[in-house]
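Structural features, examined
What follows is each chain in one-letter form.
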Amino acid sequence: MAAVTESQIAIVKATAPVLQEHGVTITTVFYENLLRENPDLHNVFSSTSQVTGRQPRALASAVLGYATYIDDLPKLKHAVERIAHKHVSLQVTPAQYDVVGKYLIQAIGQVLGDAATPEIVDAWVAAYGVLAGVFINREGEMYKANAAENWVGWRKFRITRKVPESNSITSFYLTPVDAAIPLPTFFPGQYVSLQVFVPELGYLQSRQYSLSEGPNPKGEYYRISVKKEEAIAETGVPGIISNMLHAKYAVGDEVELSHPQGEFYVDPSDTTKEGVPAVLISAGVGATPLKSILDSLTTSAGRPRPAVKRPVSWIHSARSSAAQPFGDAVRQICRENESVSANVFLRNLDPADKAGVHYEFGDMRLDLAKLDHDRDLFVGNPAAEYFICGPEPFMIDVRSALAALGVDRSRIFLELFATGDVPA
């Protein structure tokens, strides 16, 4: 904090209410100016998140959080870690922080006008410098760790298999083109960034996809499972990359990946978690990172016995059995592991659906009240951990329901498939 004076800290904190009111306007102007004058950065930022407005909203929230806690940065540890992992997956460089800082300060002045006094601008320049330093240092550590595994930058992978998992989700098995360099392992729950060129846009685009299978024992491939997004809720615009992968990419085609990243994960070798229940709660394609976690904590065909034994409860909600991914695979894992249970909620039942085979609870959305609090949710265990992935409202509702049952938030972990983070 040496680069920011006490008076500048006070000024930044005092601007928090202004940022709350004008933050999205400032960040919208920021992105417009930045991308207009630096078109190469279109290769870094998601065009979809720009169209939906999610990227400006996420940045506004992050800037507001920093203004609020500039004198207590440890409170931002989770946000910094999440953003740093995302930046490393996108190969953000230290030099780009200077560019972003220039246009962010410019946007503050443009939106606030005369209210952006020289003192306010100077305070934010200093504050931004400190924040940029925090990210550059943390991301530098991650890049160094990735380089130690012989993976720097984007790496070419070939699609070797495409396997339908549901009526909208397909698994892609990705093998490195340079197979001589072993694939590093990863923490189950983490993701990779996948990059392709989009002819309609004229530039590269990257999207993050969870690794949907536990680390391959031989390190031969990674697997991602991608939902074909027919339309993004905010705009009605179909998902650009997901539709390309489903319709235009075939076995033999190449994509680029960056090193696995992400702060949402389980370390299956952590001996301090021996016997600690893991409750995996998902909806729809949110099952993808949790399937990787499930694989890593259980024995199944071709996989070694996990180093740490933990009871696992798989709880999933789907529109229908046709829309449910990994249904047969999860049932097989349950049969092979007595410490694993599964409860599936289907909103719409088909005539061929069978209770205990395709679902446990039919014609309903996920309802934790229907589950056994001890056997399925382990709420009486003060160490049990909860990993949740699905649409944002779903995750907020589940978190609230768990909190009402006495589960401390420190043991509840959420993974949002979008820019930004779930509100605290």
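Now for a description of the structure that goes with this document. Values in this document were obtained by computation on a predicted structure and should not be read as measured data.

1. What to know about the pairing of strand S3 (residues 191–198)
The element S3 is largely enclosed, with a buried count of 7 among its 8 residues. Note: S3 against strand S4 (residues 203–210), 8 bridges, orientation antiparallel. Across the sheet, valine 196 pairs through a bridge with glutamine 205, a residue of S4. Between S3 and S4, which pair antiparallel one after the other, the connecting turn spans 4 residues, and glycine 202 there sits at a positive phi close to 85°.

2. Points about helix H2 (residues 16–37)
Residues lying three or four places apart along an α-helix face the same way, a consequence of the helix completing one turn every 3.6 residues. At histidine 22, H2 shows its strongest bend, of approximately 70°. Of the residues making up H2, those classed as buried are Ala16, Leu19, Gly23, Ile26, Thr27, Val29, Phe30, Tyr31, Asn33, Leu34 and Leu35. Looking at the buried side of H2, the elements it contacts are helix H1 (6–14), helix H3 (47–52), helix H4 (54–69), helix H6 (94–112) and helix H7 (118–148).

3. Notes on unusual backbone geometry
Positive phi, normally seen in glycine, also occurs at asparagine 150, with a value near 60°. Tracing the backbone through its elements, the reader meets asparagine 150 in the loop between H7 and strand S1 (155–164). Even without being glycine, phenylalanine 378 reaches a positive phi, approximately 55°. Here phenylalanine 378 lies in the loop between strand S10 (361–362) and strand S11 (385–389).

4. Quick notes on the sheet that holds strand S7 (residues 278–283)
Strand pairing in a sheet relies on backbone hydrogen bonds. The paired strands run either parallel or antiparallel. In space, the 6 strands of this open sheet follow the order S10-S9-S8-S7-S11-S12, with parallel pairing throughout. Edge strands, defined here as strands with exactly one partner in the open sheet, are S10 and strand S12 (412–415). Bridging between strand S8 (residues 312–318) and strand S9 (residues 340–346) involves 7 bridges; their strand directions are parallel. What sits directly across from alanine 318, in S9, is leucine 346. Where helix H10 (residues 327–336) meets the sheet, it contacts S8 and S9, and its direction lies at approximately 150° from that of S9. Across the sheet, helix H11 (residues 392–404) is in contact with S7, S11 and S12; its angle to S11 comes to roughly 160°.

5. Side note on the sheet that holds strand S2 (residues 169–176)
Taking strand neighbours across the sheet as the criterion, the 6 strands line up as S4-S3-S6-S1-S2-S5 in an open arrangement whose pairing is antiparallel. The sheet is open, and its two borders are formed by S4 and strand S5 (222–227), each paired with just one other strand. Here the strands of the sheet are splayed against their neighbours by 40° on average, with no regard to which way each runs. In the packing of helix H5 (residues 77–89) onto the sheet, the strands contacted are S3 and S4, and the crossing angle to S3 comes to about 45°.

6. Some details on the nonpolar core
Val12, Leu19, Phe30, Phe45, Tyr66 and Trp124 are the most contacted members of the largest nonpolar core, which has 44 residues in total. Looking at this core, the elements with two or more residues in it are H1, H2, H4, H5, H6 and H7. Tallying contributions element by element places H7 first for this core, with 11 residues. In this structure phenylalanine 30 touches Leu59, Val100, Tyr103, Leu104 and Ala107, once residues within four positions along its chain are discounted.

7. Here's the deal with H5
Look at H5: 18 Å from first C-alpha to last across 13 residues, which is about the 18 Å you get at 1.5 Å a residue. Turning to H5, its buried residues are Val80, Arg82, Ala84, His85, Val88 and Ser89. Taken together, the buried residues of H5 touch H7, S3, S4 and S12. Immediately beyond the C-terminal end of H5, within one or two residues, lies glutamine 91, with a positive phi of roughly 65°.

8. Quick notes on the pattern of salt bridges
Counted by the stated rule, this structure contains 20 salt bridges. For glutamate 141, the salt bridge goes to arginine 138, with nearest N and O atoms at 2.9 Å. Of this pair, glutamate 141 and arginine 138 both sit in helix H7, 3 residues apart, which is roughly one turn of that helix. For the salt bridge of arginine 158 with glutamate 254, the shortest nitrogen-to-oxygen distance reads 3.0 Å. Of this pair, arginine 158 sits in strand S1 while glutamate 254 sits in strand S6 (residues 254–257); the two residues are 96 residues apart in sequence, bridging distant segments of the chain. The structure contains a network of salt bridges with shared partners spanning Arg82, Glu263, Glu415 and Asp421.

9. Overview of the packing of aromatic side chains
Overall, the coordinates contain 13 aromatic pairs when judged by the stated rule. With a centroid separation of 6.3 Å and 15° between ring planes, the pair formed by tyrosine 97 and phenylalanine 135 is classed as stacked. Residue tyrosine 97 is found in helix H6, and its partner phenylalanine 135 is found in helix H7; the two are separated by 38 residues along the sequence. The buried category is assigned to tyrosine 97, whose relative accessible area is 8%. In this structure phenylalanine 135 comes out as buried when scored by relative accessible area, which is 8%. Aromatic rings pair up to connect Trp151, Phe157, Phe186 and Tyr222 into one cluster. The ring of tryptophan 151 has arginine 155 lying over it, and the distance from NZ or CZ to the ring centre is 5.2 Å. Between the NZ or CZ atom of lysine 291 and the centre of the ring of phenylalanine 326, over which it lies, the distance is 5.8 Å.

10. Some words on the side chain of glutamate 385
Relative to the helices and strands, glutamate 385 resides in strand S11. Judged by relative accessible area, glutamate 385 falls into the buried class, the value being 8%. Only 2.8 Å separates the side chain of glutamate 385 from the side chain of arginine 310, close enough to count as a polar contact. Residues within four places of glutamate 385 in sequence aside, it is in contact with Lys273, Val276, Pro277, Ala278, Val279, Arg310, Arg411 and Phe413.

Cut-off values and rules
- Residues numbered from 1 in each chain as written.
- Predicted model: local features only at pLDDT ≥ 70, side-chain atom pairs only at ≥ 80, totals over all residues.
- Heavy atoms only, no water.
- Buried < 20%, exposed > 50% of the residue type's maximum accessible area, 1.4 Å probe, protein only.
- Helix = DSSP H or I, 4+ residues; strand = E, 2+ residues; numbered from the N terminus.
- Pairing = 2+ DSSP bridges.
- Bend = angle between axes of the 7 residues up to and from the residue.
- Contact = heavy atoms within 4.5 Å.
- Axes fitted to C-alpha atoms, helices over the stretch in contact; angles between N-to-C directions.
- Core = buried A, V, L, I, M, F, W, Y, C linked by side-chain atoms within 4.5 Å.
- Expected span 1.5 Å × (residues − 1).
- Salt bridge = Lys/Arg side-chain N within 4 Å of Asp/Glu carboxyl O.
- Phe/Tyr/Trp six-rings, centres within 6.5 Å; stacked < 30°, edge-to-face > 60°.
- Lys NZ or Arg CZ within 6 Å of the ring centre and 35° of its normal.
- Polar contact = N/O pair within 3.5 Å; in protein donor to acceptor, adjacent residues only side chain to side chain.

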